[in-house]
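Here is what each chain is made of, one letter per residue.
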Amino acid sequence: MKLAKFIKIKQEEAITVLKEESAVIFLLEDVLKCDATTLFNKLNEEISDEDINKFNSLFDLYLNHNKPIQYLVGYTTFYGYDFIVNEDVLIPRFETEELVENILYRYDTFFKGQDLDVVDIGTGSGAIAISLAKEESHLHVTATDISSKALAIAKENANKLGVDITFLEGDMLEPLTKKYDILVSNPPYIPEDENVDSLVKDNEPNIALFGGSDGLKFYRIILENAKNYLKDRAMICFEHGYDKKKEIEDLAKINFPTAKVETIKDLEGKDRMTFIYIGGGFDE
Ligand code: SAM
Ligand code: GLN
């Protein structure tokens, strides 16, 4: 069968069971070991039985056994870089790319040209920490996680992408021993009793998802302890639940009464990030 026809049939199969048709191309890139451009140049070629079988067994796990496509192929793209992912780490989300972009933008505005110490709390696959280090060589990045299995993947990603990151294992801020200019975190923030899609809940590490009864547990811990680990002029950058703007703002003000607090919307127009500016020199 010609590749073009095969793709069409499989995309229809996905749509019929309400799954993403984009999964077909993503999986084929993996099975045929090529990028999307090469794939499109092969549309008129025959796909071999061996490749059809390989594809079908993975596609079945995606369509009928509730497996995320990223875990099946073993990687995902984040901020233009390929990150290894498996069941030990959260699959990095689009919103988090926006967090990285906003941090880089504010680095340019408020710290341009300066060497800074940055810490990413709960690094998972290392997506935030590694992207920041790749994009801005003035950022000297530390990344922490309570999960040693997650840290093993993050280390692999840092090696593969060629960045030097300091990794620390431990509970929230406990493993830190110095002060930072930027503290970033996308902690687990789903409220414990919230209904979560089974594709997420049954596959991704629950330790990466749930943030206590109100989803704010880890913001409280970070904000109550951050003073000891921040320089006089510093920035805290959070991703959070879309309905937590007010709560995070209040927590920030309680712990840093003189700080400037900014909520940033994601591309869907949701209040997804809060940046807290501590010390002076943050007026644009
Ligand atoms: N930073 C990654 C990203 O944005 O894709 C992963 C974020 S995931 C929502 C939260 C991460 O926090 C997980 O990797 C989890 O293992 C880690 N974590 C959970 N509880 C923690 C704790 N008490 N201390 C440190 N890390 C923790
Ligand atoms: N955005 C993720 C989800 O909805 C949750 C990530 C997090 O808790 N930080 O599945």
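Keep in mind that what you see is a predicted model, and the values were worked out from it rather than measured.

A. Looking closely at the overall build of the protein chain. Assigned secondary structure in the protein chain consists of 11 helices and nine strands. For a compact globule of 284 residues, the expected C-alpha radius of gyration is about 19 Å, and the protein chain comes in at 21 Å, within 12% of that figure. With respect to the three principal axes, the spread of C-alpha positions in the protein chain is 65 × 40 × 35 Å. A total of 284 residues make up the protein chain; the buried ones form 52% of that total. The long-range fraction of contacts in the protein chain, counting pairs at least 24 apart against all pairs at least 6 apart in sequence, stands at 65%. When the accessible surface of the protein chain is summed, it comes to about 13,700 Å², and 48% of that surface belongs to carbon and sulfur atoms. Here the protein chain holds 32 positive side-chain charges and 53 negative ones, and the gap between their average locations is 1 Å.

B. View of the pattern of salt bridges. Scanning all chains against the criterion turns up 19 salt bridges. The residue Lys54 makes a salt bridge to Asp51 at a minimum N-O spacing of 3.9 Å. In this pair, Lys54 and Asp51 are both assigned in helix 4 (residues 49–64), three residues apart and thus about one turn of the helix distant. Under the relative-accessibility criterion, Lys54 is labelled partly exposed at 41%. When its relative accessible area of 17% is taken as the criterion, Asp51 is described as buried.

C. Representation of the site of ligand 2. Contacts to ligand 2 come from Arg93, Glu95, Asn186, Pro187, Pro188, Tyr189, Ile190, Val200, Ala208 and Leu209. Taking Arg93, its side chain carries an N or O atom lying 2.8 Å from an oxygen atom of ligand 2. Leu209 has a polar backbone atom sitting 3.4 Å from an oxygen atom of ligand 2. When ligand 2 sits alone it has 300 Å² of accessible area, and the protein chains cover 86% of it.

D. How the structure looks around the pairing of strand 2 (residues 81–84). As paired elements, strand 1 (residues 75–78) and strand 2 share four bridges and run antiparallel to each other. Among the inter-strand pairings, Thr77 is bridged to a residue of strand 2, identified as Asp82. In this structure, the hairpin formed by strand 1 and strand 2 is closed by a connection of two residues, where Tyr79 is found at a positive phi of approximately 50 degrees.

E. Seen up close, the site of ligand 1. Taken together, 19 residues surround ligand 1, and among them Gly122, Asp145, Asp171, Met172 and Asn186 come closest. Residue Met172 places a main-chain N or O atom 2.7 Å away from a nitrogen atom belonging to ligand 1. Taking Asn186, its side chain carries an N or O atom lying 2.9 Å from an oxygen atom of ligand 1. Isolated, ligand 1 exposes 600 Å² of accessible area, and the fraction of that covered by the protein chains is 96%. Taken together, the residues that form the shell around ligand 1 break down as 10 nonpolar, seven polar and two charged.

Procedures and definitions
- Residues numbered from 1 in each chain as written.
- Chains lettered and ligands numbered in written order.
- Predicted model: local features only at pLDDT ≥ 70, side-chain atom pairs only at ≥ 80, totals over all residues.
- Heavy atoms only, no water.
- Helix = DSSP H or I, 4+ residues; strand = E, 2+ residues; numbered from the N terminus.
- Rg over C-alpha atoms; globule rule 2.2 N^0.38 Å.
- Buried < 20%, exposed > 50% of the residue type's maximum accessible area, 1.4 Å probe, protein only.
- Contact = heavy atoms within 4.5 Å.
- Areas by Shrake-Rupley, 256 points an atom, 1.4 Å probe, with all protein chains shown as cover.
- Lys, Arg positive; Asp, Glu negative; His and termini not counted.
- Charge placed at Lys NZ, Arg CZ, Asp CG, Glu CD.
- Salt bridge = Lys/Arg side-chain N within 4 Å of Asp/Glu carboxyl O.
- Near = heavy atom within 4 Å.
- Polar contact = N/O pair within 3.5 Å; in protein donor to acceptor, adjacent residues only side chain to side chain.
- Pairing = 2+ DSSP bridges.
- Nonpolar A, V, L, I, M, F, W, Y, C, P; charged D, E, K, R; others polar.

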